Amino acid sequence: MSLLRTVLTVTAASLLSLTGAALPAGAAGALPTFSTTAAAGAVPNSSTSEVAGAVPNSSTTRAAGPVGNERAADPPPAPKKRFTIRDDRVDDSSGLARSQKYEGIWWTVNDSGENAVVHGIDSTGKVRVELGLKAPAKDVEAIAVDRDGTIYIADIGDNKKNRDMIEVYTIPEPSALEDESALRPHRYDFEYPDGAHDAETLLIDPGTGRLFFVTKVASGKSGIYAAPEQASREGTNELTKIADGPAGVTDGVFLPDGSQVVLRSLTDLATMEWGDEPNVIARTATPTAQGDAVALSDSGNSLLISSKTSAVYDVAVPSRKPAATPPSPKATPAPAAASDSGETKKNHNLRWIIVGAALFAILITFLTFPPGRRERLDRMAENARLTGQPPPDPHGRRRAA
């Protein structure tokens, strides 16, 4: 019986020890902790699963809807017809420029075939003034006005590409809107560094007053050329190519802050971001099948474009599509969460199996070795000690005398 008691006692102790090892750190009944579980509101790392309120990392974020799709730009306002030029003196407007001195006046020139003549038209399309220049113009294609009110008439067309030089004439805006026929302009000569080019576009930087020319090509890339910062009337000014431009450019204009340029072709408008390397950032079709000229509107916030039918339209400046607003992140449980749940359930079942085995061993110990017998033997041993008799045999055998 003693051997059986010992075996059962050791077994019960061992099972209880295993039970303690199977239990998590802390008091019994405490929630287990796992290295892959993120608390609500905590910031998980790359290996943890996200829960509601957590900030997901790049490897686990699930956005609502397709990721990276840009929202379509809001459609620009529909082109609005402003006026029609109804005057035989302007039969092929090739350039258009807003006056700096007179509100509601735009300066225009006809496309080639005549001496340099500038017409001032108002917002009804009526010619208010005609300015004739004493200049041997060959192919006038563009007109521009700087911030000081100087009109630039660009004799830069060269369909056959055989001109050694191109010319730009300047006159001040008149002190009154009265016709003049023999104005003597200032003349500036320019030459390209890489041979002759046809061109129809003159740009004036509103901040510096520097001149830029955009060549015209049927396909491929055109060239954008810069004049010297201070063009001289003495000798020939050599141009410098600074960038490529789109094909088919017939006119252009700087926006008021000088950060962008709008270039016009027969069928579309292109906005270029201006800088060390000008580049096209937006395009839009024009409302007319053909047209040459573009200018700032009265407010400077939109554009006026002409057409071969002499109709002039007010259109929006082509703008870059807005960047897509990132959708709110939607955290989803990582697969590790399901694995953790199954492992937790297994640990919980094993713990109770071990506890039950330990309790069963303890019960058997007490049933096979009831505590009353132990107490009886202890009393007999004490009496034997007091009376000087040998102690009783715990197995009930009599001892030899």
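For the structure, check the block above.
Residues numbered from 1 in each chain as written. Predicted model: local features only at pLDDT ≥ 70, side-chain atom pairs only at ≥ 80, totals over all residues. Heavy atoms only, no water.

Colleague: Residues and numbers for the side chain of Asp-314, please.
Modeller: Tracing the chain through its elements places Asp-314 in strand 23 (residues 311-316). Asp-314 gets classed as buried once you look at its relative accessible area, which sits at 18%. A polar contact is formed between the side chain of Asp-314 and the side chain of Arg-82, at a distance of 3.4 Å. A polar contact is formed between the side chain of Asp-314 and the side chain of Ser-302, at a distance of 2.8 Å. (Helix = DSSP H or I, 4+ residues; strand = E, 2+ residues; numbered from the N terminus. Buried < 20%, exposed > 50% of the residue type's maximum accessible area, 1.4 Å probe, protein only. Polar contact = N/O pair within 3.5 Å; in protein donor to acceptor, adjacent residues only side chain to side chain.)

Colleague: Can you break down the pattern of salt bridges residue by residue, with the values?
Modeller: All told, the structure shown has 13 salt bridges when counted by the stated rule. Its salt-bridge partner being Lys-221, residue Asp-244 comes within 4.0 Å of it at the nearest N-O pair. Taken as a pair, Asp-244 in strand 16 (residues 240-245) and Lys-221 in the loop between strand 13 (211-215) and strand 14 (222-226) lie far apart in primary sequence, 23 residues in all. Between Arg-320 and Glu-273 there is a salt bridge, with its nearest N and O atoms 3.3 Å apart. Taken together, the residues span a long stretch of sequence, with Arg-320 in the loop between strand 23 and strand 24 (329-330) and Glu-273 in strand 19 (residues 268-273) at a distance of 47 residues. Given a relative accessible area of 33%, Glu-273 falls into the partly exposed group. One salt-bridge network, in which partners are shared between bridges, spans Asp-155, Arg-163, Glu-167, Arg-187 and Asp-189. (Salt bridge = Lys/Arg side-chain N within 4 Å of Asp/Glu carboxyl O.)

Colleague: Help me get a handle on the environment of Gln-230, residues and values and all.
Modeller: Considering the arrangement of structural elements, one finds Gln-230 in the loop between strand 14 and strand 15 (236-238). Separated by 22 residues in the primary sequence, Gln-230 and Thr-208 have C-alpha atoms spaced 9.6 Å apart.

Colleague: Give me the sheet that holds strand 8 (residues 150-155): which residues, what numbers.
Modeller: Judged by pairing direction, the sheet is mixed, and its five strands sit side by side in the order 7-8-9-11-15 without closing on themselves. Here the strands that pair on one side only, and so sit at the sheet edges, are strand 7 (140-145) and strand 15. For this sheet, the mean inter-axis angle between neighbouring strands, taken without regard to orientation, is 30°. (Pairing = 2+ DSSP bridges. Axes fitted to C-alpha atoms, helices over the stretch in contact; angles between N-to-C directions.)

Colleague: Give a detailed account of the pairing of strand 9 (residues 166-172), specifying residues and quantitative values.
Modeller: Moving residue by residue along a regular strand, the side chains alternate between the two faces of the sheet. Counting buried residues in strand 9 gives six out of seven residues, a clear majority hidden from the surface. Bridging between strand 8 and strand 9 involves six bridges; their strand directions are antiparallel. Across the sheet, Ile-151 pairs through a bridge with Ile-171, a residue of strand 9. For strand 9 and strand 11 (residues 186-191), the ladder comprises five bridges, and the chain directions are antiparallel. Within strand 11, the residue paired with Thr-170 across the bridge is His-186.

Colleague: Requested: an account of the pairing of strand 17 (residues 251-254), with residues and values cited.
Modeller: Burial along strand 17 is two-sided: Asp-251 and Val-253 facing one way and Gly-252 and Phe-254 facing the other are all buried. Note that strand 17 and strand 18 (residues 260-264) share four bridges and pair antiparallel. Bridging from a neighbouring strand, Asp-251 pairs with Arg-264 of strand 18. The hairpin formed by strand 17 and strand 18 contains five residues between the paired strands, and Gly-258 there has a positive phi angle of roughly 80°.

Colleague: So what's going on with the packing of aromatic side chains? Residues and values would help.
Modeller: Across all of its chains, the model carries six aromatic pairs by this definition. Both rings, one in Tyr-192 and one in Tyr-225, keep their centres 5.0 Å apart while their planes meet at 75°; by these two values the pair is edge-to-face. Of the two residues, Tyr-192 sits in the loop between strand 11 and strand 12 (199-204) while Tyr-225 sits in strand 14, which places them 33 residues apart along the sequence. Owing to a relative accessible area of 11%, Tyr-192 belongs among the buried residues under this scheme. Both rings, one in Phe-254 and one in Trp-274, keep their centres 5.1 Å apart while their planes meet at 70°; by these two values the pair is edge-to-face. Linking Phe-254 in strand 17 with Trp-274 in the loop between strand 19 and strand 20 (279-285), this pair joins segments that are 20 residues apart in sequence. Taken as a pair, Phe-254 and Trp-274 share a single burial class, namely buried. (Phe/Tyr/Trp six-rings, centres within 6.5 Å; stacked < 30°, edge-to-face > 60°.)

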